[in-house]
Amino acid sequence: MLGVSVDLGGRRVVDDFALALEPGDLVALVGPNGAGKSTALRAAAGLVKPASGTVKVNGVAIGDWRAGDLAKKLAVVTQAPTMPPLFSVRAMVALGRTPYLGLFGHETSQDWAIVDEALHRAGIDDLANRRVGELSGGERQRVAIARALAQEPAVLLLDEPTASLDLRYQDSTLSLLREMAVGSGLACLIVLHDLALAGQFCDRVVLMSHGRIVAAGTPEQVLEPDLLAEVYETPLRALIHPETGRPVIVHAGPSGRPHDERGMPS
Amino acid sequence: MSEAGRPWATSAGAAISARGRVVIRSRVAAGYALGIPLLLITLVVAASIGPVQIDPRNTASIVLNHLHLAGLSGRVSGAEDVIIWQVRLPRVLTAGLVGATLAASGASYQAVFRNPLADPYLIGVAAGAALGATTAIVSPLPLDFYNFGYLAAFAFVGAMLAVGLTYELARVGRTIPPTAHILAGVAVSAAASAGTTLLMMLNESRVLVVFSWLYGDFTTSSWSKLWSILPYVAAALLVLVMLGRRMNALQLGEDEAKSLGLRVERLKAAIIITASLATAVCVAISGLIGFVGLIVPHVCRMLFGPDHRVLVPMSIIFGATFLIGSDLGARTVIAPQEIPVGILTAAIGAPFFLFLLRRQRQGMNL
């Protein structure tokens with residue numbers, strides 16, 4: 001992506017966003033609410049048209065791709081995916097095969113094998129025959145990821161994939177993405193709220209504020225308490241992870257500045 | 001990465017899901033295996049019943065003979081042959097074709113609007129088509145009731161205007177709340193019906209023609225009318241069946257559907273235009289027949305699940321069966337008088353609609 005700007009409702013939401021994703025990259029996109037993270041992700045997916053700048057996939061401008069071919073390269077997991085409640089998990093994940101199907105749209109046994117593999121990777125093979133409408137938020141999120149994996153993309157864009165997951169599944173989900181990045185060269189751009197997750201699992205962190213990238217680089221470079229404190233307008237501290245040596249960002253606590261128990265400045 | 005890092009990964013899952021797929025597949029196979037013979041039996045029985053009762057075996061023999069599949073049984077009289085082949089069969093087949101089309105259109109509208117209550121009748125399409133067709137009938141243009149092409153074209157324009165108007169009235173941003181959609185459909189239907197009534201009043205000489213057709217009527221069915229709708233309807237049904245898989249993907253959010261390579265706007269437009277064309281042709285030939293597009297897809301969904309690749313063809317089969325049965329009811333309940341078939345389907349459909357509405361209010365997944 002080069003110099004991408006997006007206007008929504010007459011307001012510039014993303015300004016001059018530039019990012020290169022290489023195979024195997026695991027990049028976290030972080031920043032306060034309203035910083036333009038989700039919009040930047042949607043621009044990267046070709047879901048909003050930038051006012052200026054270009055998004056390229058494999059060197060070809062995203063608008064020049066045939067929709068079906070692009071879907072074989074690039075998959076998106078949105079923030080609160082809509083799912084037809086009566087569909088089984090397996091049928092839902094099989095929708096990821098849409099760009100590969102023929103005229104009448106029937107899956108081949110090879111398609112089903114890929115679906116099963118995606119279910120297995122996302123750790124939801126035991127949910128395969130449950131109806132999507134019966135699932136918890138965390139289970140739905142994993143279904144959405146499995147659906148994206150079934151698309152066999154080279155680039156995966158995820159908008160807060162860990163938002164409704166507990167600690168175990170946050171870990172499993174990001175471990176899975178990491179495994180896919182290292183093992184099969186999947187390039188991931190992940191919008192994350194949790195700076196600790198971003199620091200531990202991602203190789204690169206991009207920090208956005210007010211529509212602009214304010215810092216990009218390794219977790220050590222970007223997860224810098226003074227910078228973050230300014231961007232998030234909240235006092236923060238960095239601890240060092242005892243094993244990885246990577247920074248872990250935490251609230252400064254009651255001693256830093258008056259704020260309520262959720263860490264919101266009062 | 002070790003298995004311990006993914007505590008939820010099991011290997012038994014593949015076997016479980018494979019079994020689930022087999023269950024669903026065999027259900028679908030049973031649906032076709034029972035649905036198609038049921039349709040054929042209904043067809044023969046419906047053709048056999050009437051003022052002159054004919055042995056269903058004779059009916060079958062007459063049909064097979066005309067299809068050059070078998071010689072005529074010795075017990076068949078010439079009168080029976082005329083009654084079946086010239087009178088009843090066109091009517092029964094037209095009812096079947098209309099039922100199939102309304103049900104498939106209903107399933108398609110439900111898919112494209114992501115609204116389980118959508119039905120060609122309830123979202124105003126049928127009333128719009130009726131207004132269009134009435135305009136054609138009463139217009140000073142050199143058209144008459146049997147000049148089917150004009151009638152269908154006017155009905156199609158009316159249907160498209162109604163579907164667009166309903167959509168715009170009910171739209172909130174880029175989504176349409178299901179109940180708001182139905183309310184807007186009712187409002188558009190009421191306005192279109194008022195227009196139809198007004199046209200009838202202003203053109204008294206045509207009142208009877210319009211009136212008898214408006215409330216669902218197969219009495220004027222003929223082979224020539226059947227042939228005139230068949231190409232449109234067959235093409236529309238084929239397109240809807242082929243779009244089944246894409247209708248599935250449309251059930252996801254707009255962004256997800258787009259990221260799966262669907263050109264969502266184009267796809268939605270294609271489905272709406274196809275379903276509306278099919279509905280308009282049906283309205284032009286048989287008037288307003290409500291609720292078929294609601295009842296049949298719902299029952300099929302309960303029986304065969306939500307996959308539109310199955311749902312649309314099943315709706316075709318069971319929609320045909322349902323309307324042939326309803327038409328049989330309409331002409332036998334108070335025989336020798338007939339009641340319009342639209343009144344019969346409404347009598348069945350309205351309570352069903354209220355039941356669905358209630359379930360939806362209780363937050364159940366339809």
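As the structure is a computational prediction, the values presented were derived from the model and not from experiment.

> Help me understand the overall build of chain B in this model?
The secondary structure content of chain B amounts to 14 helices and 0 strands. For chain B, the residues scored as buried account for 49% of the 366 residues in total. Of the contacts made within chain B by residues no fewer than 6 positions apart, 75% connect residues no fewer than 24 positions apart.

> Help me understand the overall build of chain A, please; the structure alone is not making it clear to me.
Tallying secondary structure elements over chain A gives 9 helices and 13 strands in all. In terms of overall size, chain A behaves like a compact globule, its C-alpha atoms giving a radius of gyration of 19 Å where 266 residues would be expected to give roughly 18 Å. Counting only C-alpha atoms, chain A reaches 60 × 40 × 35 Å along its principal axes. Counting all 266 residues of chain A, 47% fall into the buried class. Considering only intrachain contacts with a sequence separation of at least 6, the fraction spanning at least 24 residues in chain A is 64%.

> For this particular structure, what's the right way to read helix 2 (residues 56-66) of chain B?
Within the span of helix 2 of chain B, buried status applies to Thr59(B), Ala60(B), Ser61(B) and Ile62(B). Phi turns positive, to about 60°, at His68(B), one or two residues after helix 2 of chain B.

> Got a minute to help me understand the packing of helix 4 (residues 125-138) of chain B against helix 11 (residues 264-286) of chain B in this structure?
For any two helices packed against each other, the geometry is given by the interaxial angle and the distance between the axes. Residue and element names in this part refer to chain B. Following both chains from N to C, one finds helix 4 and helix 11 inclined at 55°, their axes separated by 9 Å at the closest point. One way to sum up the angle between helix 4 and helix 11 is to call them oblique. Seen from above, helix 4 lies across helix 11 with right-handed handedness. Across the interface between the two elements, Val125, Ala126, Ala129, Ala130 and Ala133 from helix 4 touch Ser276, Thr279, Ala280, Val283 and Ala284 from helix 11. Residue composition of the contact of helix 4 with helix 11, by class: 8 nonpolar, 2 polar and no charged.

> Can you help me understand the packing of helix 4 of chain B against helix 6 (residues 178-202) of chain B in this one?
All names here are of chain B. Remark: helix 4 packs on helix 6, axes separated minimally by 8 Å, with the N-to-C direction vectors making an angle of 15°. It follows that helix 4 is roughly parallel to helix 6 by the angle criterion. Seen along the crossing, helix 4 lies across helix 6 with a hand that is left-handed. Residues Ala127, Gly128, Ala130, Leu131, Thr134, Thr135 and Val138 of helix 4 lie in contact with helix 6, whose contacting residues are Val188, Ser189, Ala192, Ser193, Gly195, Thr196, Leu199 and Met200.

> Is there a simple way to explain the nonpolar core in this structure?
Buried together is how nonpolar side chains tend to be arranged in soluble globular proteins. Ranked by size, the top nonpolar core spans 188 residues in total, and within it Leu29(A), Cys188(A), Ala155(B) and Val281(B) carry the most contacts. No other element matches helix 3 (residues 78-112) of chain B, which puts 16 residues into this core. In this view, Cys188(A) contacts Asp25(A), Leu26(A), Val27(A), Leu156(A), Leu158(A), Leu177(A) and Ala181(A); residues no more than four positions away in its chain are not counted.

> So what exactly am I meant to see when it comes to unusual backbone geometry here?
Most peptide bonds take the trans configuration, and most residues that are not glycine carry a negative phi. Residues and elements named next belong to chain A. Of note, Asn58 is a non-glycine position whose phi angle comes to about 55°, a positive value. Within the secondary structure, Asn58 is located in the loop between strand 5 (56-57) and strand 6 (60-61). Look at His210: it is not a glycine, yet its phi comes out positive at around 50°. Secondary-structure assignment places His210 in the loop between strand 10 (204-209) and strand 11 (212-217). Looking at His210, the number of C-beta atoms within 10 Å reads 15, which means it is partly exposed.

> Quick question: what am I supposed to make of the confidence of the model for chain B here?
Note that predicted coordinates carrying low pLDDT should not be read in detail. Residue and element names in this part refer to chain B. This prediction gives chain B a mean pLDDT of 83; 88% of its residues lie at or above 70. The weakest mean pLDDT in chain B belongs to helix 7 (residues 207-214) at 72; the strongest belongs to helix 13 (residues 308-332) at 93. Here the prediction assigns the complex a pTM of 0.84, and the interface score ipTM is 0.82.

> How do you make sense of the sheet that holds strand 7 (residues 74-77) of chain A when you look at a structure like this?
Sheet strands line up and pair through hydrogen bonds in the backbone, either parallel or antiparallel. Residue and element names in this part refer to chain A. Taken in spatial order, the 6 strands make up an open sheet running 7-8-9-3-10-11, and their pairing is mixed. Either end of the sheet is taken by a strand with one partner, and the two such strands are strand 7 and strand 11. Averaged over all pairs of adjacent strands, the angle between their axes in this sheet comes to 15°, without regard to strand direction. Bridging between strand 3 (residues 26-30) and strand 9 (residues 187-191) involves 4 bridges; their strand directions are parallel. By the bridge assignment for strand 9, Val27 is matched with Leu189. Contacts from helix 5 (residues 137-150) reach strand 7 and strand 8 (155-159) within the one sheet, and its direction differs from that of strand 7 by about 175°.

> Which parts of the structure should I look at to understand the environment of Leu288(B)?
Tracing the sequence through the fold places Leu288(B) in the loop between helix 11 and helix 12 (292-304). Here the alpha-carbon distance between Leu288(B) and Leu89(B), two residues 199 residues apart in the chain, equals 21 Å.

> Help me understand the pairing of strand 3 of chain A, please; the structure alone is not making it clear to me.
Every regular strand shows the same layout, with side chains that alternate between the two sheet faces. Residues and elements named next belong to chain A. Along strand 3, 5 of the 5 residues are buried, which leaves the element largely enclosed by surrounding structure. Residues Leu26, Ala28 and Val30 point to one face of strand 3 and Val27 and Leu29 to the other, with burial holding for every one of them. Both strand 3 and strand 10 contribute to a ladder of 4 bridges, which runs parallel. Bridge pairing links Ala28 to Val205 in strand 10.

> What is the right way to look at helix 13 of chain B in this model?
Every α-helix carries 3.6 residues per turn, so stepping three or four residues along brings you back to the same face. Relative to the 36 Å expected for 25 residues at 1.5 Å per residue, helix 13 of chain B spans 35 Å between its end C-alpha atoms, a close match to the ideal helical length. The buried count for helix 13 of chain B comes to 22 of 25 residues, which makes it a mostly enclosed element.

> What's the story with the pairing of strand 7 of chain A in this structure? I'm lost.
Residue and element names in this part refer to chain A. Side chains Leu74 and Val76 of strand 7 all project onto a buried face; the interleaved residues Ala75 and Val77 project onto the opposite face, where all are buried too. For strand 7 and strand 8, the ladder comprises 4 bridges, and the chain directions are parallel. Within strand 8, the residue paired with Val76 across the bridge is Leu157.

> I would appreciate a short explanation of the environment of Gly293(B) in the present structure.
Residues and elements named next belong to chain B. Along the chain, Gly293 falls in helix 12. The class of Gly293 is buried, set by 35 C-beta atoms lying within 10 Å. Separated by 173 residues in the primary sequence, Gly293 and Pro120 have C-alpha atoms spaced 6.4 Å apart. Non-local contacts of Gly293, meaning those with residues more than four positions away in its chain, are made with Leu102, Ala103, Ser105, Gly106, Asp119, Pro120 and Tyr121.

About the cut-offs
- Residues numbered from 1 in each chain as written.
- Chains lettered and ligands numbered in written order.
- Predicted model: local features only at pLDDT ≥ 70, side-chain atom pairs only at ≥ 80, totals over all residues.
- Helix = DSSP H or I, 4+ residues; strand = E, 2+ residues; numbered from the N terminus.
- Buried ≥ 20, exposed ≤ 12 C-beta atoms within 10 Å, placed from the backbone.
- Contact = placed C-beta atoms within 7 Å.
- Rg over C-alpha atoms; globule rule 2.2 N^0.38 Å.
- Axes fitted to C-alpha atoms, helices over the stretch in contact; angles between N-to-C directions.
- Parallel < 35°, antiparallel > 145°, perpendicular 65-115°, else oblique.
- Left-handed = near helix turned anticlockwise from the far one by under 90°.
- Nonpolar A, V, L, I, M, F, W, Y, C, P; charged D, E, K, R; others polar.
- Core = buried A, V, L, I, M, F, W, Y, C linked by C-beta atoms within 7 Å.
- pLDDT = per-residue confidence, 0-100.
- Pairing = 2+ DSSP bridges.
- Expected span 1.5 Å × (residues − 1).

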